[in-house]
Amino acid sequence: MSTNYKAGFVGVVGLPNRGKSSLVNQIVGEKVGIVSDKPQTTRKSVVGIYSSDEMQCLFIDAPGFIKADKGLNKFLQEEAKSVSQSADVLMLLLTTESDTIANSERALEEVKSKNKPWFVVINKMDTNQPHRVLILEELIKKYDVPYFKHSTVDKSYDASTNILNHLQGLLPASQQALYDPESFTTSLTRDWVSEIIREKCFELLHEELPFNLAVQVKKFEESTPKNCVRIFSDIVVSKKNHCPMIIGKKGQKIKEIGMMARKEIEDLLGEKVYLELFTKVKPSWVSDKRFLKEMGYVVDSRQQ
Ligand SMILES: Nc1nc2c(ncn2[C@@H]2O[C@H](COP(=O)(O)OP(=O)(O)OP(=O)(O)O)[C@@H](O)[C@H]2O)c(=O)[nH]1
Ligand SMILES: [Mg+2]
């Protein structure tokens, strides 16, 4: 371990759908958080761990900044706020593809107001139009804050190494790693499994459906005699008429969700998986405080 060893929490913040989870997954080198093309995918903060001989960065992948006043959206907003408070360093993701300059300015002001070491990543450089990047750069320069141009999909814009080197300078000194350097996340397997199922719902279901469902793993039985992990999970919806949409014609949809999720879970666990999915109606779960808590949608970004 280096004598200049650093370790700490990096809050990854920005508006929804800016590629925060994608960037954390890329730097950590494992799928820590789920990704989709729909905004507000991440609900609970997930910690992705990057460890080297020089440092340990604990990336808190937070839900995007949103404005809301009740229910699940309120939790999302609080979670984003709490990440900003508990991080040692803040990394703000902006894109020119979907951010207007006013949006970017609001996000820059928000992060600056936290009075923490911070920097900016202009993400999705593969799709950004050059003149819009120039305008954004002009704006960022007013804040006198370092920025990196990056893309998580196009290697020619890969700034991961520069981002990590920069973080090395910003993180607090530490005698030792804060978490096991062999781990890539602090999430429990059970939580991770429910997130994978939720990701497949985001991929295969449309309109308001993915935003109105929650996934709750009810049973997780390890190493049964057949050497197969057995997982039983509910897909919880708030309206009865959502069930047939999830189940699909002759059960085709839910089967597809289950199949895609099972493959990915098997890859991670390195074991055969039996996965059974059920739909469950829980009216207005999005504003049911007790259920939200049960789901872990609470404000605590340093959860293990
Ligand atoms: N073209 C392009 N797409 C990207 C890039 N990074 C991420 N994406 C895509 O952008 C979408 C959103 O990515 P996420 O990582 O889920 O974004 P997020 O900021 O975590 O979103 P929330 O969790 O909803 O706040 C996905 O479809 C990604 O595949 C990039 O550099 N270039
Ligand atoms: Mg996300």
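What you see as residue numbers is a count from 1 along each chain, following the sequence as written. As a convention, the first chain written is A and the first ligand written is 1, with the rest following in written order. Local features in this predicted model are restricted to residues of pLDDT 70 or higher, and side-chain atom pairs are both shown and tallied only at a pLDDT of 80 or more, whereas totals for entire chains, interfaces and linings draw on every residue. Water and hydrogen atoms were dropped before computing side-chain values, which therefore reflect all heavy atoms in the structure.

### Considerations on the site of ligand 1
One heavy atom within 4 Å of a molecule or strand is enough for the residue carrying it to be called near that molecule or strand. Taken together, 23 residues sit near ligand 1, with K20, S22, Q40, T41 and T152 positioned nearest. Between N or O atoms, a polar contact is any pair within 3.5 Å; within protein, one atom must be a potential hydrogen donor and the other a potential acceptor, and residues adjacent in sequence are included only when both atoms are from side chains. Between N123 and ligand 1, the recorded distance is 3.4 Å, taken from a side-chain N or O atom to a nitrogen atom. Contact with the protein chains covers 87% of the free accessible surface of ligand 1, which is 660 Å². All amino acids are sorted into three groups, where Ala, Val, Leu, Ile, Met, Phe, Trp, Tyr, Cys and Pro are nonpolar, Asp, Glu, Lys and Arg are charged, and the leftover types, Gly among them, are polar. Each residue belonging to the shell around ligand 1 can be placed in one class, and the counts come to 4 nonpolar, 13 polar and 6 charged. To measure how exposed things are, a 1.4 Å probe is used in the Shrake-Rupley method; for residues, cover is taken only from the protein chains shown.

### Focus on the sheet that holds strand β7 (residues 213-221)
Strands are labelled as partners when DSSP assigns at least two bridges between them. In this description a helix means any DSSP run of H or I spanning at least four residues, a strand means any run of E spanning at least two, and both kinds are numbered starting from the N terminus. The 3 strands lie next to each other as β7-β8-β9, forming an open sheet whose pairing is mixed. In this open sheet, the two edge strands, each paired with only one partner strand, are β7 and β9 (272-281). On average, adjacent strands in this sheet sit at an angle of 20° to one another, irrespective of strand direction. Sheet analysis places strand β8 (residues 228-237) next to β9, joined by 10 bridges and oriented parallel. By the bridge assignment for β9, F232 is matched with E276. Residue contacts follow a heavy-atom distance rule, with two residues in contact if any of their heavy atoms lie within 4.5 Å. To get an axis, a line is fitted to the C-alpha atoms, and for a helix only the part in contact is used. The angle between two axes follows their N-to-C directions and goes from 0 to 180 degrees. In the packing of helix α6 (residues 189-204) onto the sheet, the strands contacted are β7, β8 and β9, and the crossing angle to β7 comes to about 135°. The strands touched by helix α8 (residues 252-269) within the sheet are β7, β8 and β9, with β9 carrying the most contacts at an inclination of about 140°.

### Regarding helix α2 (residues 71-86)
Under the convention used throughout, the expected extent of a helix is 1.5 Å for every residue step, that is, one less than its residue count. For α2, which comprises 16 residues, the first-to-last C-alpha distance of 22 Å matches the rise-based estimate of 22 Å (1.5 Å per residue) to within 8%. Note on exposure labels: buried denotes an accessible area under 20% of the residue type's maximum, exposed denotes more than 50%, and partly exposed covers the range between, all computed with a 1.4 Å probe on protein chains only. Among the residues of α2, those classed as buried are G71, L72, F75, L76, Q77, E79, A80, S82, V83, S84 and S86. Those residues of α2 that are buried lie in contact with β1 (6-13), β3 (55-61), β4 (89-94) and α9 (289-294).

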